[in-house]
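Observations on chain architecture
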Amino acid sequence: MSVKSTPMESDTKWNNLQNLKKLLNDGLITKTEYSVRRNQLIDELTGTSLTTLAASQYKRRRGSSASDNVSNVPAIIPKPPPDFTNFPAEKSIKYTYDLKTRTWTQQEVNLKLDTVPFSRGSLRVVYHMEMEETDKDKDREVVPGEAKNRFVAKISMNPSDNKNTKVYFRDVETQTIAKYYAEKFNQYHPPKKVDFIKACVLELIMREGNPIVGVEKFIPGPYRKHNSNYGYVSDEERNTPQAFSHFSWEASDHTLLVCDIQGVGDLYTDPQIHHISGEGFGKGNLGMAGISKFLQKHRCNAICRYLKLPQLGNKVSDIGTIPTTRLMALNNIQIVTMVQQAGAQVIVVPLL
């Protein structure tokens with residue numbers, strides 16, 4: 001079932017249409033972006049709805065190329081979170097992953113979703129969203145910089161992912177495991193702590209086809225990518241994110257590597273995990289090929305030395321963030337082992 005517009009909502013959409021024309025005239029969007037977004041707004045005004053938020057814009061044609069597919073991605077208009085006052089609220093099912101029990105729980109929530117994506121990555125388009133926080137959410141520690149009830153919804157640009165919705169759940173499991181390794185990293189008191197935004201999955205039950213989206217808190221600030229899943233290292237080459245990736249390899253007893261580190265400051269999102277088996281953790285898991293690339297490119301820094309990680313590279317760099325003491329007091333880091341069971345990702349820890 002599509003979300004129906006009230007007269008007030010229709011007025012808002014007409015205003016959006018006029019604003020879109022102004023963006024084109026001011027040179028802020030291209031003619032292609034204007035055309036795509038204009039068609040979206042007209043569809044909404046006339047009662048035509050998307051079967052999914054993004055996928056119907058770029059269904060792969062038989063024989064079409066990857067570039068053809070990307071060209072049909074919804075127009076991206078960079079902007080801050082909108083005023084959601086007049087946006088229609090809709091009920092959705094929120095799925096949350098618990099790492100300790102390795103189970104998913106679900107509950108009904110209300111949300112308001114923007115109609116225009118404000119950003120895109122290599123795999124997803126990103127929308128602003130407002131969602132009520134549950135009692136459990138209200139009890140958690142607030143992440144510095146986060147805005148109350150402000151979230152982002154991430155929709156895959158690959159149409160097949162909207163049919164195989166396990167992709168979204170796997171991404172959340174991966175980010176939750178990366179967050180666990182971040183907590184372990186912080187226990188050794190590095191100069192700067194790291195964290196991963198808590199993610200969840202939403203099923204939009206009031207929309208045709210019940211589309212699935214990945215969701216996490218909106219964190220304002222400059223977004224940076226520090227390394228990739230195949231050897232890329234940012235020109236900045238900050239010590240903390242690179243040392244964390246190295247730490248994950250050693251802490252997992254050489255079974256996995258957390259990489260593709262990106263985010264605002266040292267609050268990260270959308271990580272990739274390479275596992276030596278090459279199984280699990282989504283399509284970006286390149287197994288030993290990805291791990292080997294990181295090990296070849298990595299240059300140990302002062303934080304690696306502080307954690308007493310085996311040295312990679314010819315010389316430890318003393319540029320950038322440096323711990324107050326050269327070496328931590330402990331003899332070594334604790335091992336956290338990752339195993340695969342029936343296709344599920346399971347963490348086995350000596351001490352939780």
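Everything below is about the structure shown above.
The following paragraphs examine the structure supplied in this document.

Calculation criteria
Residues numbered from 1 in each chain as written. Predicted model: local features only at pLDDT ≥ 70, side-chain atom pairs only at ≥ 80, totals over all residues. Heavy atoms only, no water. Disulfide = S-S within 2.5 Å. Buried < 20%, exposed > 50% of the residue type's maximum accessible area, 1.4 Å probe, protein only. Core = buried A, V, L, I, M, F, W, Y, C linked by side-chain atoms within 4.5 Å. Contact = heavy atoms within 4.5 Å. Helix = DSSP H or I, 4+ residues; strand = E, 2+ residues; numbered from the N terminus. Expected span 1.5 Å × (residues − 1). Pairing = 2+ DSSP bridges. Phe/Tyr/Trp six-rings, centres within 6.5 Å; stacked < 30°, edge-to-face > 60°. Lys NZ or Arg CZ within 6 Å of the ring centre and 35° of its normal. 1 Å grid on protein atoms, 1.4 Å probe; cavity = no way out; pocket = protein on both sides within 12 Å on 5 of 7 lines; lining within 4 Å. Points joined across faces, edges and corners; volume = space filled by probe spheres on them. Nonpolar A, V, L, I, M, F, W, Y, C, P; charged D, E, K, R; others polar.

Focus on the state of the cysteines
- A complete count under the given rule lists zero disulfides for this structure.
- Cysteine Cys300 shares no disulfide, and the gap to the nearest cysteine sulfur, in Cys304, comes to 4.0 Å.
- By relative accessible area, which is 1% here, Cys300 ends up buried.

Here's the deal with the nonpolar core
- Of all hydrophobic cores here, the largest spans 58 residues; its most connected members are Met129, Leu202, Val215, Phe244, Phe247 and Leu307.
- Residues within four places of Phe244 in sequence aside, it is in contact with Ala178, Tyr181, Ala182, Phe185, Val194, Phe196, Val258 and Ile261.
- One finds Leu257, Cys259, Ile291 and Phe294 within the second-largest nonpolar core, a separate group that totals five residues.

Describing helix α5 (residues 166-186)
- Given a rise of 1.5 Å per residue, 21 residues ought to cover 30 Å, and the 30 Å separating the end C-alpha atoms of α5 matches this to within 8%.
- A large share of α5 lies buried, amounting to 17 of its 21 residues.

What about the sheet that holds strand β9 (residues 223-225)?
- With respect to topology, four strands assemble into an open sheet ordered β6-β12-β11-β9, the strand pairing being mixed. Looking at strand neighbours, the two that pair on one side only are β6 (195-196) and β9, the edges of this open sheet.
- Sheet analysis places β9 next to strand β11 (residues 262-264), joined by three bridges and oriented antiparallel. Looking at the pairing, Tyr223 lines up with Val264 of β11.

What to know about the packing of aromatic side chains
- On inspection of all chains with the given rule, the structure shows eleven aromatic pairs.
- By the ring-pair criterion, three or more aromatic residues cluster together here, those being Phe185, Tyr188, Phe196, Phe244, Phe247 and Tyr268.
- Sitting above the plane of the Phe151 ring, Lys217 keeps its charged end 4.7 Å from the centroid.

Re empty space enclosed by the protein
- Following the criterion strictly, the structure yields two cavities of 30 Å³ or more and no others.
- Roughly 40 Å³ of internal volume is contained in the largest cavity.
- Looking at the largest cavity, the residues that line it are Val233, Glu237, Gln242, Phe294, Lys297, His298 and Arg299.
- Split by residue class, the lining of the largest cavity holds two nonpolar, two polar and three charged.
- What the second largest cavity holds in volume is close to 30 Å³.
- Lining the second largest cavity, in full, are Asn227, Ser228, Gly231, Tyr232, Val233 and Phe294.

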